[in-house]
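Spelled out, the chains give:
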Amino acid sequence: MRANPRRDGFTLVELMIVVALIGVLSAIAIPSFLDYQARARRAESFSNLSAMSVAQKSRVATTGSYFDSGNAYPDPTPYGGLGSQKMNWDVDSQNAYGALGWAPEGDVHYSYQSNTTNSCSCSLCFTVTAYGDVDSNGQVSAVMYVDPQRDNTDAV
């Protein structure tokens, strides 16, 4: 009888090489994926701040004054603080921004604030700010839109 020279299956070394390659690819892909998710959450703040600034400019054109929300909304306390989880746009938030005529679509990752008193010494400017911790690193970041009113003396 002759021995069968054919080999079936994989050797342990071949399997270990495949496992090592999967580990290296995972080490590269997972941080990139988490960064991508945080950037996607951050995009919410840019679109909402832009919409808030349009609502502010519309309000000043019709009423002559900007809207000041005071505190940041919604309150992140029931959600364990600011983080990567979404928060409901609750009744307090709806009431606070009802005078501005602005509300986000659905739940939010950020708390929002519209301010006129602390942003400048005149009544012709405003800031809108989004506070959040979308990458869950424990540090709250702020995305801010500032709209100063310039008079003709500022022209260059």
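Everything in this summary refers to the structure shown in the same document. (Residues numbered from 1 in each chain as written. Predicted model: local features only at pLDDT ≥ 70, side-chain atom pairs only at ≥ 80, totals over all residues. Heavy atoms only, no water.)

### Description of the overall build of the chain
To keep things clear, this is the line we draw: Numbered from the N terminus, helices here are DSSP runs of H or I no shorter than four residues, and strands are runs of E no shorter than two. Each residue is assigned to one of three classes by its accessible area relative to the maximum for its type, calculated with a 1.4 Å probe on protein chains only: buried under 20%, partly exposed between the two thresholds, exposed over 50%. Residue contacts follow a heavy-atom distance rule, with two residues in contact if any of their heavy atoms lie within 4.5 Å. Throughout, the Shrake-Rupley method with a 1.4 Å probe supplies accessible areas, and for residues the shown protein chains are the sole cover considered.
Within the chain, the regular secondary structure consists of two helices and three strands. Shown N-terminal to C-terminal, the secondary structure of the chain runs as helices and strands in the order α-α-β-β-β. Looking at the 156 residues of the chain, the share that counts as buried comes to 29%. Long-range contacts, defined here as pairs at least 24 residues apart, represent 53% of the contacts in the chain between residues at least 6 apart. Total accessible area on the chain is roughly 10400 Å²; 57% of this is exposed by carbon and sulfur atoms.

### Remarks on the packing of aromatic side chains
Note the cut-off: Working definition: a ring pair exists when centres of Phe, Tyr or Trp rings (six-membered ring for Trp) sit within 6.5 Å. Plane angles under 30 degrees give stacked, over 60 give edge-to-face, the rest tilted.
For the structure shown, the criterion picks out ten aromatic pairs. For the pair Phe 67 and Tyr 97, a centre-to-centre distance of 5.6 Å together with 50° between the ring planes defines the contact as tilted. Of this pair, Phe 67 sits in the loop between α1 (12-63) and α2 (91-98) while Tyr 97 sits in helix α2, and the two are 30 residues apart along the sequence. According to the relative accessible area criterion, Tyr 97 is buried, its value standing at 1%. Measuring from ring centre to ring centre gives 5.4 Å for Trp 89 and Trp 102, while their planes differ by 85°; the resulting arrangement is edge-to-face. With Trp 89 in the loop between α1 and α2 and Trp 102 in the loop between α2 and β1 (111-115), this residue pair connects regions lying 13 residues apart in the sequence. Taken as a pair, Trp 89 and Trp 102 share a single burial class, namely buried. Through a chain of ring-to-ring contacts, three or more aromatic side chains come together here, namely Phe 67, Tyr 73, Trp 89, Tyr 97, Trp 102, Tyr 110 and Tyr 112.

### As for the nonpolar core
What counts is decided by this rule: Buried Ala, Val, Leu, Ile, Met, Phe, Trp, Tyr and Cys residues form a nonpolar core when they are joined through side-chain atoms within 4.5 Å.
Counting residues in each nonpolar core, the largest one holds 21 residues, and the members touching the most others are Leu 49, Met 52, Tyr 97, Trp 102 and Tyr 112. Listing elements by their share of this core, those giving two or more residues are α1, α2 and β2 (126-132). Top contributing element to this core by residue count: α1, with four residues.

### Concerning the sheet that holds strand β3 (residues 141-147)
Filter applied, for reference: A strand pair is defined by DSSP finding two or more bridges across the two strands. Angles here are taken between N-to-C directions and fall from 0 to 180 degrees, while the axes themselves are lines fitted to C-alpha atoms, restricted in helices to the stretch in contact.
One open sheet holds the three strands; their spatial order is β1-β2-β3, and the pairing between them is antiparallel. Edge positions in the open sheet fall to β1 and β3, since each of these has one partner strand only. Each strand axis lies, on average, 15° off the axis of its neighbour in the sheet, ignoring direction. Where β2 lies against β3, seven bridges are found, and the strand directions are antiparallel. Of the residues in β3, the one forming a bridge with Phe 126 is Asp 147.

### Considering the pattern of salt bridges
Note the threshold: By definition here, a salt bridge exists when the distance from a side-chain nitrogen of Lys or Arg to a carboxyl oxygen of Asp or Glu is within 4 Å.
Counted by the stated rule, this structure contains two salt bridges. For Arg 39, the salt bridge is made with Asp 35, and the minimal N-O distance between the two is 3.5 Å. Here Asp 35 and Arg 39 lie together in helix α1, a separation of four residues that amounts to about one turn. On the basis of relative accessible area, Arg 39 is assigned to the partly exposed category, the value being 47%. In this structure Asp 35 comes out as partly exposed when scored by relative accessible area, which is 42%. Of the charged contacts in the structure, one is a salt bridge between Asp 147 and Lys 57, with a shortest N-O distance of 3.7 Å. Here the residue Asp 147 occupies a position in strand β3, and Lys 57 occupies one in helix α1, the gap between them amounting to 90 residues. The class for Asp 147 is buried, based on a relative accessible area of 14%.

### Remarks on α2
Stated formally: This arc describes the spread of directions from the helix axis toward the C-beta atoms.
Looking at α2, one finds that the buried residues are Ser 93, Ala 96 and Tyr 97. Considered in projection along α2, the buried side chains sweep an arc of 85° and stay on one side of the axis. When the buried face of α2 is taken as reference, the exposed residues oriented beyond 90 degrees from it are Val 91, Asn 95 and Gly 98. Where α2 is buried, its residues meet α1 and β1.

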